[in-house]
Amino acid sequence: MPRTGRPRAFNRDEAVVAAMLLFWEQGFESTSLALLRAAMGNISAASFYAAFESKEALFCEVVDLYISTYGQVSESFRDRSLTPRAAIEEGLRRSAQMQTEGSHPLGCLITLSAVTCSPELKHIRKLLFEEREKVCGWQKDCIERAIADGELPDSTDVPMLVTLFNTFLRGISSQARDGVPLEAINAAITQLMSVWDVLSVRTGDRSKV
């Protein structure tokens, strides 16, 4: 008789990582329970619900894992050891590098999952919105710090500048999914930062008056 051996033990941490990669690639709504169970090692439905309670609860756990790992690139936006300009640029470049790497799905899980989530899933959309707003708030704080430090003029249109940088940051996901290389995105970031430099020059000119 063939030896059956003992069944492979269910590793919860590995299962959450597998789920993260699947949600990242396909979005929340397109990722079915069957696909999740298969990615987790063909676990039974009973094992899935015992470990995670629901698909929604698992997704919340996945978002936390993503933020604490790949999403750490956004921490540059609130790094006070950097000048405000350097913090903005570093955050954009680190995000671009992460989102274009081939070792995981391209783009940003938080951004892409929001785009593919239907209006009926209000609780999921709210979760993703709140996470995006955190990063947006860090960018706003960074710009306001630059104004307080005299790096940018008092007349700086803060909402406009936040929208400019945040729109670019969110757009990296679609560019990465379309195969735009990191070099091209980095070149665009260089041009984008020239907006900051123009405002800084105006501050310098004013201080000489």
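The sections below set out a description of the structure shown in this document. (Residues numbered from 1 in each chain as written. Predicted model: local features only at pLDDT ≥ 70, side-chain atom pairs only at ≥ 80, totals over all residues. Heavy atoms only, no water.)

So, on to the overall build of the protein. Along the protein, the regular secondary structure elements total nine helices and zero strands. Listing the helices and strands of the protein from first to last along the sequence gives α-α-α-α-α-α-α-α-α. The C-alpha atoms of the protein give 21 Å as radius of gyration, which overshoots the globular expectation for 209 residues (17 Å, by more than 25%). When its C-alpha atoms are laid out on the principal axes, the protein stretches across 90 × 35 × 30 Å. (Helix = DSSP H or I, 4+ residues; strand = E, 2+ residues; numbered from the N terminus. Rg over C-alpha atoms; globule rule 2.2 N^0.38 Å.)

Attention now goes to the environment of E133. The topology assignment puts E133 in helix 7 (residues 122–148). A C-alpha to C-alpha distance of 17 Å links E133 and D79, two positions 54 residues apart in sequence.

Now for the side chain of S173. Here S173 is to be found in helix 8 (residues 158–177). Accessibility expressed as a relative area gives 1% for S173, which makes it buried. Within the local environment of S173, its side chain forms a polar contact with the side chain of Q99, the two groups lying 2.9 Å apart. Among all residues touching S173, those that are not within four sequence positions of it are Q99, G107, C108, T111 and L112. (Buried < 20%, exposed > 50% of the residue type's maximum accessible area, 1.4 Å probe, protein only. Polar contact = N/O pair within 3.5 Å; in protein donor to acceptor, adjacent residues only side chain to side chain. Contact = heavy atoms within 4.5 Å.)

With 29 residues, the main nonpolar core has F23, M40, L58, F59, V62, Y66 and L109 as its most contacted residues. Counting only elements with at least two residues in this core, the list comes to helix 1 (12–26), helix 3 (45–52), helix 4 (55–68), helix 6 (109–115) and helix 7. Per-element tally for this core: the top contributor is helix 1, with seven residues. Beyond its immediate chain neighbours, meaning those up to four positions away, L58 contacts V16, A19, F23, L36, M40, F48 and F52. Counting residues in each nonpolar core, the second largest holds 25 residues, with F77, A87, F165 and L192 among its members. (Core = buried A, V, L, I, M, F, W, Y, C linked by side-chain atoms within 4.5 Å.)

Next up on the list: the packing of helix 1 against helix 4. Taken N-terminus to C-terminus, the directions of helix 1 and helix 4 make an angle of 90°; their axes are 9 Å apart at the nearest point. In this view, helix 1 runs roughly perpendicular relative to helix 4, as classed from their interaxial angle. When helix 1 is examined against helix 4, the residues R12, V16, V17, A19, M20, F23 and W24 are found in contact with a partner set consisting of K55, L58, F59, E61, V62, L65 and Y66. Its residues assigned to classes, the contact of helix 1 with helix 4 shows eleven nonpolar, no polar and three charged. (Axes fitted to C-alpha atoms, helices over the stretch in contact; angles between N-to-C directions. Parallel < 35°, antiparallel > 145°, perpendicular 65-115°, else oblique. Nonpolar A, V, L, I, M, F, W, Y, C, P; charged D, E, K, R; others polar.)

At N42, a position not held by glycine, the phi torsion is positive, near 55°. Of note, N42 is situated in the loop between helix 2 (33–39) and helix 3. You can call N42 exposed: its relative accessible area is 64%.

The next subject is the environment of P181. Inspection of the secondary structure puts P181 in the loop between helix 8 and helix 9 (182–207). Of the residues examined, P181 reaches a relative accessible area of 43% and is grouped as partly exposed. Remark: the alpha-carbon pair of P181 and S54, spanning 127 residues in sequence, is separated by 37 Å.

Attention now moves to the packing of aromatic side chains. This model, assessed by the stated rule, comprises nine aromatic pairs. A ring pair is formed by F48 and Y49, whose centres lie 5.4 Å apart and whose planes are at 90°; its orientation type is edge-to-face. When its relative accessible area of 41% is taken as the criterion, Y49 is described as partly exposed. Taking the centre distance of 6.2 Å and the plane angle of 50° together, the rings of F165 and W196 count as tilted. Placement of F165 in helix 8 and of W196 in helix 9 is noted, with a sequence separation of 31 residues between them. (Phe/Tyr/Trp six-rings, centres within 6.5 Å; stacked < 30°, edge-to-face > 60°.)

Another aspect to go through is the pattern of salt bridges. A complete count under the given rule lists eight salt bridges for this structure. Between R78 and E75 there is a salt bridge, with its nearest N and O atoms 2.8 Å apart. Look at R78 and you get partly exposed, because its relative accessible area is 46%. Residue classification places E75 among the partly exposed positions, given a relative accessible area of 23%. (Salt bridge = Lys/Arg side-chain N within 4 Å of Asp/Glu carboxyl O.)

None of the figures reported here should be taken as evidence of function without further support.
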